[in-house]
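Residues per chain, in single letters:
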Amino acid sequence: LASCSSELTDLQNLKEKAKTVTLTFKADGGNWSGSTNDMTLTGKEGAELTAPATPAKTGYAFSAWNPAVPATFPAADTTYTAIWNDVTSPATVTSLTATTGSAQVTLHWTNPADSDFSKAMVEYATTAVPSTVLCTYEVAGTAGAAGTYTVTGLTNGTSYTFTVYAQDDAGNRSGGVSVKATAK
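Remember, predicted model here, so these are calculated numbers, not experimental data. The residue numbers shown here count from 1 along each chain, following its written sequence. Thresholds applied to this predicted model are a pLDDT of at least 70 for local features of residues and 80 or more for the giving and counting of side-chain atom pairs; totals over whole chains, interfaces and linings are not thresholded and use all residues. For the side-chain quantities, the full set of heavy atoms in the structure was used; hydrogens and water were omitted.

### Notes on the sheet that holds strand β4 (residues 78–86)
Read across the sheet, four strands follow the order β2-β1-β4-β3 without closing on themselves; strand pairing throughout is mixed. Two strands in the sheet have a free side with no partner beyond their single neighbour: β2 (39–44) and β3 (60–66). With strand direction ignored, the average angle separating the axes of adjacent strands in the sheet is 25°. Strand pairing follows a simple DSSP-based rule, namely that at least 2 bridges must link the two strands. By the criteria applied, helices consist of DSSP H or I runs no shorter than four residues and strands consist of E runs no shorter than two, each listed in order from the N terminus. Both strand β1 (residues 20–26) and β4 contribute to a ladder of four bridges, which runs parallel. Bridge pairing in β4 places F25 opposite Y80. Angles shown run from 0 to 180 degrees and are taken between the N-to-C directions of axes, each axis being a line fitted to C-alpha atoms and, for helices, limited to the stretch in contact.

As structure tokens, then:
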């Protein structure tokens, strides 16, 4: 019985001597109910840990904390930073025009100025009902710059619908802008 009492006392002493640590949670451009201040939690090493509420950030979805938040308070002060996934599509391309030629159509447009613009996607389909997308092309480009692409191998006298989408680094795609043209 004395040894049990001694072990219990040792365990209580360990708990009392557990180091107090401070954890800092950074929203990285996000906020908690409008507050952009860092959140801090203080607790004893090894005590149960519950992370603060998930922050919010317009145009983004919260993904995780970096590093991952453990189930108990760690041995040292630690900073956790929110990781965000971009869920906002870029603006659409503008000024889309088509110039026809023999068995080809050349498209011209202006890419959106979004800082995370990565490329344009060009689709073309017949205008027959039902319409069938015949092919999709990726066109590298620069934000705010002119874009161009020539679709070749078309059938002269056939009407096509060409649609250009903007895509950002996260893979979000804008609504499409379309133009109809008939290869000569």
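### Topic: the pattern of salt bridges
Two side chains of opposite charge can pair, provided their charged atoms sit close to one another. Salt bridges are counted wherever a side-chain nitrogen of Lys or Arg sits within 4 Å of a carboxyl oxygen of Asp or Glu. Taken as a whole and assessed by the stated rule, the structure comprises three salt bridges. E138 serves as the salt-bridge partner of K119, at 3.1 Å between the closest nitrogen and oxygen. One end of the pair, K119, is in strand β7 (residues 117–126); the other, E138, is in strand β8 (residues 133–140), with 19 residues separating them in the sequence.

### Observations concerning the packing of aromatic side chains
Think of a pair of aromatic rings as described by two things: how far the centres are apart, and how the planes are tilted against each other in angle. Two aromatic rings, drawn from Phe, Tyr or Trp (for Trp, its six-membered ring), form a pair once their centres lie within 6.5 Å of each other, and the interplanar angle then sorts them: stacked below 30 degrees, edge-to-face above 60, tilted otherwise. The tally for this structure, following the rule as stated, stands at 10 aromatic pairs. Between the aromatic rings of F25 and Y80, the centroid separation amounts to 5.1 Å while the plane-to-plane angle is 20°, which identifies the pairing as stacked. Highlighted residues: F25 in strand β1 and Y80 in strand β4, separated in sequence by 55 residues. Chaining the aromatic ring pairs together yields one cluster made of F25, W32, F62, W65, Y80 and W84. By the criterion adopted, a ring carries a charge over it if an Arg CZ or a Lys NZ lies within 6 Å of its centre and within 35 degrees of its normal. Taking the ring centre of Y60 as reference, the NZ or CZ of K57 above it sits at 4.5 Å. R173 extends its terminal NZ or CZ atom over the ring of Y165, reaching a point 4.8 Å from the ring centre.

### A short note on the side chain of E123
For E123, the location among the structural elements is in strand β7. Each polar contact in these results corresponds to two N or O atoms within 3.5 Å; when the atoms are within protein, one needs to be able to donate a hydrogen and the other to accept it, and residues that are neighboring in sequence are counted only if both atoms are side-chain atoms. At a separation of 3.5 Å, a polar atom in the side chain of E123 contacts the side chain of Y165. Any pair of residues with heavy atoms lying within 4.5 Å of one another is described as a contacting pair. Setting aside residues up to four positions removed in sequence, E123 forms contacts with V133, C135, T136, T161, F162, T163, Y165 and R173.

### Focus on the sheet that holds strand β6 (residues 104–110)
In space, the three strands of this open sheet follow the order β5-β6-β9, with antiparallel pairing throughout. The two strands at the open ends of the sheet, each matched to only one other strand, are β5 (94–101) and β9 (146–152). Here the strands of the sheet are splayed against their neighbours by 15° on average, with no regard to which way each runs. Across seven bridges, β6 lies against β9 in antiparallel orientation. In the strand pairing of β9, V105 is matched with V151.

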